[in-house]
Amino acid sequence: MPKIHHLNCVKIVSPVNDNVCGHCLLIEENDKLILIDTGIGLLDIQKPLERIGQQLIDIVGYSFNENQTAIRQIEKLGLNPEKVTDCVISHLDNDHIGGLADFPNAKVHVGIEEYENFNSGNPRYLKTPLAHNPTIKTYGKSDFNWFGFEARKVITNTETEIFLIPLFGHTSGHCGVVIKTDNKWMFYIADAYYMRLELNDNEHPVNQLAKMRADNNDLRLNSLDKIRNLINEHPEIAVFGYHDIEEFKLYEN
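First, a word on what this report is: a plain description of the structure on this page. Model, not experiment: these values are computed from the prediction. Residue numbers run consecutively from 1 along every chain, following the written order of its sequence. For this predicted model, a pLDDT threshold of at least 70 governs which residues receive local features, and a threshold of 80 or more governs which side-chain atom pairs are given and counted, while totals over whole chains, interfaces and linings are taken from all residues. Excluded from the side-chain calculations are hydrogens and water; all other atoms, namely the structure's heavy atoms, are used.

## A word on the sheet that holds strand E13 (residues 238-240)
In plain terms, the rule: Two strands make a pair as long as DSSP finds a minimum of two bridges between them. In this description a helix means any DSSP run of H or I spanning at least four residues, a strand means any run of E spanning at least two, and both kinds are numbered starting from the N terminus.
One open sheet holds the 5 strands; their spatial order is E9-E10-E11-E12-E13, and the pairing between them is mixed. On the outer flanks of this sheet lie strand E9 (152-153) and E13, each paired with one strand and no other. Strand direction decides the pairing type here: E9 and strand E10 (residues 161-166), joined by 2 bridges, are antiparallel. Of the residues in E10, the one forming a bridge with Lys-153 is Phe-163.

Below is the structure:
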């Protein structure tokens, strides 16, 4: 049976929260490993000015720790990082894909809208995380429906069912990721919200930050509405995002 490991691969210190995490997932199935987002990578930590730049480091509030990288955490689990065959990516912001270069042979799976946005000249994106020219597989619009969401089946040649779920707004092609193991669903909503309290507290300062960082705030709010409705109607589905440290504590290994 596949195992799901929850990894915190980022630490950000921000005015809103002094311990913002980067909640990545590692699927362990037979001799394969699959990462859902990668967090910050070794090269980012070794060459932060070259790969990220001081301005973005200061704006985001990165706090670097080599032991927090996905590759080091995989090694700590007693697993071989070379077994990472696939990386399923919610969106192409640096804090979600900086670690891709640590797994140069892994295929990168991403929504087509996000990849087009990345290549459009949108200034939010850094080019360095894909500078190693990985194999990239994109996924376009699907007719498959998952609890009212469009779902795009990710092809990884494993038994674990994985779908990209469009949750546009934070970026123009931002997706969540659905995973089914042992007949249970997990819904990783990435940056559709930064903190879960956004679902119920419109006055918290994090809402303004989320609005400022959104490519399309109307779409972001629509995605939040859909997530809120799913949680209310299907409490049996585990729903969590990328940056909320309190959520991560519920799942950490």
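## Structural notes on the packing of aromatic side chains
Filter applied, for reference: In this analysis, rings of Phe, Tyr and Trp, with Trp reduced to its six-membered ring, are considered paired at centre separations within 6.5 Å, and the interplanar angle assigns stacked below 30 degrees, edge-to-face beyond 60, and tilted for intermediate values. Residue burial is assigned from relative accessible area. The probe radius is 1.4 Å, only protein chains are included, and a residue is buried under 20% of its type maximum, exposed over 50%, and partly exposed in between. Over a ring means this: the NZ of a Lys or the CZ of an Arg is within 6 Å of the ring centre and within 35 degrees of the ring normal.
Per the counting criterion, the structure on display carries 12 aromatic pairs. Between Trp-146 and Trp-185 the ring centres are 5.6 Å apart and the planes differ by 70°, which places this aromatic pair in the edge-to-face class. Here the residue Trp-146 occupies a position in strand E7 (residues 145-146), and Trp-185 occupies one in strand E12 (residues 184-188), the gap between them amounting to 39 residues. Accessibility assignment for this pair places Trp-146 and Trp-185 in one class, buried. In this structure an aromatic cluster arises from ring pairing among Phe-144, Trp-146, Phe-147, Phe-149, Phe-163, Trp-185 and Phe-187. The cationic tip of Lys-127 hangs over the ring face of Phe-118; the distance from NZ or CZ to the ring centre is 4.0 Å. The side chain of Lys-137 reaches across the aromatic face of Tyr-139, ending 5.3 Å from its centre.

## A word on the side chain of Asn-94
Put simply, the rule reads: The contact rule is simple, with two residues in contact once any of their heavy atoms fall within 4.5 Å.
Locating Asn-94 in the fold gives a position in helix H5 (residues 94-97). Using a relative accessible area of 4% as the deciding quantity, one classes Asn-94 as buried. Not counting the four nearest positions on each side in its chain, Asn-94 is found in contact with Gly-39, Ile-40, Asp-44, Ile-52, Tyr-62, Leu-126 and Pro-129.

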